[in-house]
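Structure assessment
These are the residues of each chain, in order.
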Amino acid sequence: QVQLVESGGGLVQAGGSLGLSCAASGFRFSNYAMGWFRQAPGKEREFVAAISWSGGSTYYADSVKGRFTISRDNAKNTVYLRMNSLKPEDTAVYYCSRQGNGGGNKYTSSYDYWGQGTQVTVSS
């Protein structure tokens, strides 16, 4: 069965960096675009970044552009999110997802499988 397992979250001070990983299994990873979303308490889940199946194209929310970098290693079935210059407003649970449905990168409906999430907390 399809599994997405995130790791790498934690507590960091504002201005610091964190790297998230998402290990995928149960499907042909290299066939799918992948995405990262986040959800803060009391807020809707929002798009953070997406990457094409080959890694050749990447997409970012305006709020993270220039600070976050999404990448993937198809040999390791893993997608990454490098987060620099973190801000308190980046605090959220971060989810990895598989883009198995049609639609745009930034819509949750375009994604059919989700990980359990990893908490990122940025202190001021």
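Going along each chain's sequence as written, the residues are numbered from 1 onward. Local features in a predicted model are, by the rule used here, given only for residues with pLDDT of at least 70; side-chain atom pairs are given and counted only at 80 or more, and totals for whole chains, interfaces and linings are based on all residues. Hydrogens and water molecules were not included; the side-chain quantities draw on all heavy atoms of the structure.

1. Considerations on the pairing of strand β5 (residues 46-51)
Regular strands show a simple pattern: their side chains alternate between the two faces of the sheet. Let me state the cut-off plainly: Burial classes follow relative accessibility: with a 1.4 Å probe on protein chains only, a residue under 20% of its type's maximum area counts as buried, one over 50% as exposed, and anything between as partly exposed. Put simply, DSSP marks the helices as runs of H or I at least four residues long and the strands as runs of E at least two long, and each gets a number from the N terminus on. Should DSSP find at least two bridges between two strands, the strands are regarded as paired.
Burial analysis of β5 places 5 of its 6 residues in the buried class, which makes it a mostly covered element. In this sheet, β5 lies alongside strand β4 (residues 33-39) in antiparallel orientation, the contact comprising 5 bridges. Bridge pairing links Trp36 to Ala49 in β5. Between β4 and β5, which follow one another and run antiparallel, lie 6 residues, and Gly42 among them has a positive phi close to 80 degrees.

2. Section: the pattern of salt bridges
The test is simple: Salt bridges are defined as contacts in which a side-chain nitrogen from Lys or Arg sits within 4 Å of a carboxyl oxygen from Asp or Glu.
Following the criterion strictly, the structure yields 5 salt bridges and no others. The salt bridge partner of Arg38 is Glu46, with a shortest N-O separation of 2.6 Å. Across the salt bridge formed by Arg98 and Asp112, the nearest N and O atoms sit 2.7 Å from each other. With Arg98 in strand β9 (residues 92-99) and Asp112 in the loop between β9 and β10 (113-114), the pair connects residues that are 14 residues apart, well separated along the chain. Residue classification places Arg98 among the buried residues on the basis of a relative accessible area of 7%. Residue classification places Asp112 among the partly exposed positions, given a relative accessible area of 26%.

3. A short note on the pairing of strand β1 (residues 3-7)
Burial along β1 is one-sided: Leu4 and Glu6 are buried, while Gln3, Val5 and Ser7, pointing the other way, are not. Pairing of β1 with strand β3 (residues 18-25), which is carried by 5 bridges, proceeds in the antiparallel orientation. Directly across from Val5, in β3, lies its bridge partner Ala23.

4. Examining the state of the cysteines
Rules: In this description, a disulfide is simply a cysteine sulfur pair whose atoms lie within 2.5 Å.
Counted according to the given criterion, the structure contains 1 disulfide. Across the disulfide, Cys22 is cross-linked to Cys96 (sulfur-sulfur distance 2.1 Å). Disulfide Cys22-Cys96: torsion about the S-S bond near -75 degrees, hence left-handed. With Cys22 in strand β3 and Cys96 in strand β9, the pair connects residues that are 74 residues apart, well separated along the chain. Grouping residues by exposure puts Cys22 and Cys96 together as buried.

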